[in-house]
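Reading the structure
The lines below spell out each chain.
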Amino acid sequence: MNENVSFYRDTWAEINLDAIEYNVKSMVEHLGGEGTVIAVVKANAYGHGDYEVACAALEAGADMLAVAFVDEAISLREKGMKVPILVLGASRPEDVQVSIDYDITLTAISLEWVKKAEQFAKEGVLQFHIKLDTGMGRLGITEKEELDELIQFAADSSSLSVRGIFTHFAAADELESDYTDCQFAAFKKLLGGISNKEWLIHCANSAAGLRFKDRIFNTVRLGIAMYGLSPSKEMNKELPYSLQEALSLHTKIVHVKKLPKGGKVSYGATYTAQEDEWIGTLPVGYADGWLRQLKESEVIAGGKRVQIIGRICMDQCMIRLPEKMPEGTKVTLIGRQAEEYIPIDEIADRLETINYEIPCILSARVPRMFLRNKSIMEVRNPIIQSHSASKG
Ligand SMILES: *Cc1c(COP(=O)(O)O)cnc(C)c1O
């Protein structure tokens, strides 16, 4: 591994691109092999690394990419990505020309937006999808009249081209809820009369793709399930195929010391050794996204679960070891080590949040190591980008 190291600290995230590929392939097969998979790689691919995840997803059969903001789409283009990229969020009409220049597909959220967008399209044609709000209450058109007028306006304009139409579900991950049925009905009603076969019609996020494959226009905007995470805990029981978690997080013990009975650990001196104890210091802290609320949570050291003790610092935290361990011992904070496994869901539970948030909050200071066939394909370290090795 050493000849390929492009970071100089003992904390790193591993992104298993084989798992991404497996998760995408599974969805492609689930859709019967003929569906459209839009790989959602917003927020740096939910913290995993947008370019590498996008490449793996496309290789596995995804057809296009989606992000939240124009900057994210430009970033992918700058890295050499050629496939269609859809910006799901609300973009500023002022940014229409740059979007045309980069061949980025935007989302139209209202007739007013489209009229403004047209004014900013000076050269070339803006491609966009129309967003319908069927009950999320976030972005999009709710009225058929406005939709019809928008479609007519775009048809009459030489600088606008509609490429698709979509909506977003608010509760597709809730097994007991019938809210998605209402949204499906509202979507169908708004679509009534639209017969443009060139348009991509889509409504499903991961949850809807996994659960309602016969009702989703054979298209899925695949986010969380591509990363191997279940859209909700309750869905874990009813997945049509198993998911493989792609991200794991590791560090190494950088200092080991014996703390005498009564000795204290970390800020506030809140932890007191109950007996003579072995303490290991880990070079990972809340500035990496390993938040302070994770105090007293467990990590895996030497194949065993051990506890974090004392307050988590900005760059470091301490663990209590069952026995003396050598400095350099690998510690797994998320993922598998020996017989033990800490899933992202466990961290989410500790933080009283959803699994989505956990990889997203891993900061840019944590280098991402991309694995294929268990070997390192590439390392990305945004904070010293120019040193990043690339074997890809
Ligand atoms: C983020 C996002 C998705 C992906 O949702 P998952 O639950 O992660 O599959 C799909 N559609 C839109 C509009 C989104 O913003």
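Residues numbered from 1 in each chain as written. Predicted model: local features only at pLDDT ≥ 70, side-chain atom pairs only at ≥ 80, totals over all residues. Heavy atoms only, no water.

**A word on the overall build of the chain**
Rules: Helical segments are the DSSP runs of H or I of at least four residues, strand segments are the runs of E of at least two, and each set is numbered from the N terminus. Atoms considered for the radius of gyration are the C-alpha atoms alone. The globule rule reads 2.2 Å times the number of residues to the power 0.38. Each residue's exposure class comes from its accessible area (1.4 Å probe, protein chains only) as a fraction of the maximum for that residue type: buried when under 20%, exposed when over 50%, partly exposed otherwise. Using a 1.4 Å probe, accessible areas were evaluated by the Shrake-Rupley method; residue-level cover was limited to the displayed protein chains.
Of regular secondary structure, the chain possesses eleven helices and 21 strands. Against the compact-globule benchmark of 21 Å for 392 residues, the chain has a radius of gyration of 24 Å, which places it among compact chains. For the chain, the spread of C-alpha atoms along the principal axes amounts to about 80 × 50 × 40 Å. Looking at the chain as a whole, 52% of its 392 residues are labelled buried. When the accessible surface of the chain is totalled, it reaches about 17,600 Å², and 48% of it is carbon and sulfur.

**Some words on the state of the cysteines**
Put plainly, a disulfide is one covalent bond tying together the sulfur atoms of two cysteines. Where we set the bar: By disulfide we mean two sulfur atoms from cysteines, separated by a distance within 2.5 Å.
One pass over the structure, following the stated rule, counts zero disulfides. Free of any disulfide, C313 has its nearest cysteine sulfur in C317, 7.7 Å distant. Among the residues examined, C313 registers a relative accessible area of 13% and is labelled buried.

**Section: the packing of helix α6 (residues 111-120) against helix α7 (residues 144-156)**
The condition is simple: Axis geometry follows a simple rule: fit a line to the C-alpha atoms, using only the stretch in contact for helices, then measure angles between N-to-C directions, giving values from 0 to 180 degrees. For classification purposes, an angle smaller than 35 degrees is called roughly parallel, one larger than 145 roughly antiparallel, one from 65 to 115 roughly perpendicular, and anything else oblique. In this scheme the crossing of two helices becomes right-handed for a clockwise turn of the near helix relative to the far one and left-handed for an anticlockwise turn of less than a right angle. A contact between two residues is defined here by any heavy atoms of the two lying within 4.5 Å. Three categories are distinguished: nonpolar for Ala, Val, Leu, Ile, Met, Phe, Trp, Tyr, Cys and Pro, charged for Asp, Glu, Lys and Arg, and polar for the others, with Gly belonging to the last.
The N-to-C vectors of α6 and α7 enclose an angle of 15 degrees; their axes lie 9 Å apart at closest approach. Taken as axis vectors, α6 and α7 run roughly parallel relative to one another. The two elements α6 and α7 cross, and the hand of that crossing is left-handed. Along the contact surface, α6 presents L111, V114, K115 and E118, while α7 presents E146, E149, L150 and F153. Residues of the contact of α6 with α7, tallied by class, amount to four nonpolar, no polar and four charged.

**So, the site of the ligand**
Keep this limit in mind: In these notes, residues near a molecule or strand are those with any non-hydrogen atom within 4 Å of it. Throughout this description, a polar contact denotes any pair of N or O atoms lying within 3.5 Å of each other; where both atoms belong to protein, one of them has to be capable of donating a hydrogen while the other can accept it, and for residues adjacent in sequence the pair is counted only when both atoms sit in side chains.
Close to the ligand lie V40, K42, Y46, L88, R138, H168, N205, S206, R221, G223, I224 and Y356, which account for all nearby residues. K42 is positioned such that a nitrogen or oxygen atom in its side chain is 2.7 Å from an oxygen atom of the ligand. Within the side chain of S206, a nitrogen or oxygen atom sits 2.5 Å from an oxygen atom of the ligand. In isolation the ligand exposes 390 Å². Once the protein is present, 92% of that is buried. The residue makeup of the shell around the ligand, split by class, is five nonpolar, four polar and three charged.

**Overview of the pattern of salt bridges**
When charged atoms on two side chains of opposite charge get close, those side chains can pair. Counted only if it meets this: Salt bridges are defined as contacts in which a side-chain nitrogen from Lys or Arg sits within 4 Å of a carboxyl oxygen from Asp or Glu.
The full count for this structure, using the stated rule, is 19 salt bridges. The salt bridge involving E52 is made with R380; its shortest N-O contact spans 2.6 Å. One end of the pair, E52, is in helix α3 (residues 50-59); the other, R380, is in strand β21 (residues 375-380), and 328 residues separate them in sequence. Using a relative accessible area of 22% as the deciding quantity, one classes R380 as partly exposed. Between K304 and E323 there is a salt bridge, with the nearest N and O atoms lying 3.3 Å from each other. Placement of the pair is K304 in strand β16 (residues 304-309) and E323 in the loop between β17 (317-321) and β18 (330-337), with a sequence separation of 19 residues. Residue K304 is classed as partly exposed on the basis of its relative accessible area of 40%.

**A short note on the confidence of the model for the chain**
To be explicit about the condition: Confidence scores here are pLDDT values: one per residue, from the predictor, ranging 0 to 100.
Looking at the chain as a whole, its pLDDT mean stands at 95, while 97% of the residues score no less than 70. This model gives residues 387-392 a pLDDT under 50, and the stretch forms 15 contacts once residues within four places in sequence are excluded.

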